[in-house]
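Descriptive structure summary
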Amino acid sequence: MSKSSSSTRLGDLAWSKSPKTSSSLFTLTYGVLVQHLCSSQTPSLEVNASLRKIGQNIGIRLIDDYISKTSLLSPNSPQQCTSFINTSEAISKVGLKMFLGITADVRVDSENSYTLILSSNPLADFVELPSSRSDLQYSNVLAGCIQGCLESVGFEVEVTIVKDTVWGDEGVEVKVEGKGRKKEELEGGFKDE
Amino acid sequence: MSYLSLLITSRSGGLIFHTPLSPNTPPLQTNDWLRIGSTFHSLIAISKTSVPKECGGMERVVCDNVVISILSTPTGIKFYLVSDSTITSPPLNEIYAAWSDWVLKNPFYEIDMPVRGERFRREVEKICGYSK
């Protein structure tokens, strides 16, 4: 409980320190990007894959921003994710707050998977999907971004958007499944038998 | 109180950035810097595995007049700040934050490649109070 509120505080602090932009500008820029990928009759499956790739590339870069800024803000209590489930707290209370200004609720589904529940979708404020694009995963960049972040710090994960406001759902649900840890360099030194 | 130089190595151990931070920094060839960078990367990897418990690896190398302070990030980038021994709290986290702003957010920077831009170097010089 106390850990949870300290994460909320850290998230609020990080949000207050980070530079802001107009949310309309952000939403529209993302809209143009998706629309550009969708033009020339590209099948939605390919657009989904491109959005995920873009997200991953963003995540690989943002994770260092996240770690460096949070350790500057709380130098005495480094927020280290020791287990996979810990990452849900870091993403929902600090990461999302820091970069999107929102927080998410977490539903732990099992030891190796959790769902992030966002009450609104900042990427899709004005969006209505046409029927020809009903299979478009509009917010896939978010899934890719979370995946890129977690993979950069050694967690193998699979991230999927389960619910989205553009599909008529109440909010957004992002399912994160852990697939184990990546091997570290030079592993296999002294081990406890 | 002064800093001598900063080195940064990539996830795979290659030197991707180095800069002198004092007129007293010994003038080394780029090849020598590359060798020093990858040697340190290996030393940290060895220091991690040569202890029975889980350990973040070497953080400081202390000599008579010189201290090397090391920051190993969870993503595998490592920062080495060489300073004289009067420096007690090296600004490694500040340099890491500048790295995330001025290097990683540059869309033309390729991950794990050497840093070519000047913005980051200027930022480091500002943090370390070095003006040429």
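Everything numeric here is computed off the predicted structure, so don't read it as measured data.

Considerations on the overall build of chain B
- When helices and strands are counted, chain B shows 3 helices and 5 strands.
- Starting at the N terminus, the α and β elements of chain B follow one another as β-β-α-β-β-β-α-α.
- The C-alpha radius of gyration of chain B comes to 14 Å, within 12% of the 14 Å expected for a compact globule of 132 residues.
- On the principal axes, the C-alpha backbone points of chain B span a range of 45 × 35 × 30 Å.
- Here chain B, with 132 residues, has 31% of them falling under the buried criterion.
- Here the contacts in chain B between residues at least 6 apart in sequence split such that 43% fall between residues at least 24 apart.

Points about the packing of helix α3 (residues 44-73) of chain A against helix α5 (residues 140-152) of chain A
Residue and element names in this part refer to chain A.
- It is the contact of α3 with α5, at a shortest axis distance of 6 Å, that shows an interaxial angle of 40°. Taken together, the axes of α3 and α5 lie oblique to each other. In the crossing of α3 with α5, the sense of the turn from one axis to the other is right-handed.
- When its residues are assigned to classes, the contact of α3 with α5 shows 12 nonpolar, 10 polar and 2 charged.

Remarks on the sheet that holds strand β5 (residues 78-84) of chain B
Residue and element names in this part refer to chain B.
- In space, the 5 strands of this open sheet follow the order β2-β1-β5-β4-β3, with antiparallel pairing throughout. Edge positions in the sheet fall to β2 (15-20) and β3 (60-62), since each has one partner strand and no second. With strand direction ignored, the average angle separating the axes of adjacent strands in the sheet is 10°.
- Judged from the 7 bridges that link them, strand β4 (residues 66-72) and β5 form a sheet pairing that is antiparallel. Following the sheet pairing, S72 is matched in β5 by K78.
- The strands touched by helix α1 (residues 30-49) within the sheet are β1 (3-9), β2, β4 and β5, with β1 carrying the most contacts at an inclination of about 70°.

With respect to helix α2 (residues 92-104) of chain B
- Summarising burial for α2 of chain B: 10 of the 13 residues are buried, a large majority.
- Among the residues of α2 of chain B, L92, N93, I95, Y96, A97, A98, W99, S100, V103 and L104 of chain B are the ones counted as buried.
- Buried residues belonging to α2 of chain B abut α3 of chain A together with β1, β4, β5 and α3 (119-127) of chain B.

A short note on the sheet that holds strand β3 (residues 155-163) of chain A
All names here are of chain A.
- The strand order across the open sheet formed by 4 strands is β1-β2-β4-β3, and the pairing between neighbours is antiparallel. Edge positions in the sheet fall to β1 (105-110) and β3, since each of these pairs with one other strand and no more. When strand polarity is set aside, the average angle formed by the axes of neighbouring strands in this sheet is 20°.
- Alignment of β1 against strand β2 (residues 113-118), held across 5 bridges, turns out to be antiparallel. Its bridge partner lying in β2, V106 is registered against L116.
- Here helix α4 (residues 86-100) sits on the sheet in contact with β1, β2 and β3, set at roughly 15° to β2.
- Across the sheet, α5 lies against β3 and β4 (172-181), angled at about 165° from β3, the strand it touches most.

A short note on the interface of chain B and chain A
- The interface of chain B with chain A comprises 16 residues on the first partner and 17 residues on the second.
- Contributions of two or more residues to the side of chain B that touches chain A are made by α1 and α2 of chain B.
- Counting residues per element, the side of chain B that touches chain A draws most heavily on α2 of chain B, which supplies 7 residues.

As for the pairing of β4 of chain B
All names here are of chain B.
- In this sheet, β4 lies alongside β3 in antiparallel orientation, the contact comprising 3 bridges. Paired with R60 across the bridge in β4 is S69.
- If you look at the hairpin formed by β4 and β5, you'll find 5 residues sitting between the two strands, and G76 has a positive phi there, around 100°.

Thoughts on the confidence of the model for chain A
Residues and elements named next belong to chain A.
- Per-residue pLDDT for chain A averages 87, and the proportion of residues at 70 or more is 90%.
- No element of chain A has a lower mean pLDDT than helix α1 (residues 2-17), which averages 82, and none a higher one than β2, which averages 96.
- Note on residues 186-193: pLDDT is under 50 here. Beyond four places in sequence and across chains, it has 6 contacts.

Details of the environment of K175 of chain A
Residue and element names in this part refer to chain A.
- With respect to the helices, strands and loops of the structure, K175 is situated in strand β4.
- For K175, a count of 17 C-beta atoms within 10 Å corresponds to the partly exposed category.
- It is 6.4 Å that separates the C-alpha atoms of K175 and L116, two residues lying 59 residues apart in sequence.
- Not counting the four nearest positions on each side in its chain, K175 is found in contact with S113, T115, T160 and V162.

Quick look at the nonpolar core
Residues and elements named next belong to chain A.
- Formed by 37 residues in total, the largest nonpolar core has its most connected members in L142, I146, V174 and V176.
- If you list the elements that add at least two residues to this core, you get α1, α3, α4, β2, α5, β3 and β4.
- When neighbours within four sequence positions are excluded, I146 is seen to be in contact with G59, I91, V159, V174 and V176.

Rules behind the numbers
- Residues numbered from 1 in each chain as written.
- Chains lettered and ligands numbered in written order.
- Predicted model: local features only at pLDDT ≥ 70, side-chain atom pairs only at ≥ 80, totals over all residues.
- Helix = DSSP H or I, 4+ residues; strand = E, 2+ residues; numbered from the N terminus.
- Rg over C-alpha atoms; globule rule 2.2 N^0.38 Å.
- Buried ≥ 20, exposed ≤ 12 C-beta atoms within 10 Å, placed from the backbone.
- Contact = placed C-beta atoms within 7 Å.
- Axes fitted to C-alpha atoms, helices over the stretch in contact; angles between N-to-C directions.
- Parallel < 35°, antiparallel > 145°, perpendicular 65-115°, else oblique.
- Left-handed = near helix turned anticlockwise from the far one by under 90°.
- Nonpolar A, V, L, I, M, F, W, Y, C, P; charged D, E, K, R; others polar.
- Pairing = 2+ DSSP bridges.
- pLDDT = per-residue confidence, 0-100.
- Core = buried A, V, L, I, M, F, W, Y, C linked by C-beta atoms within 7 Å.

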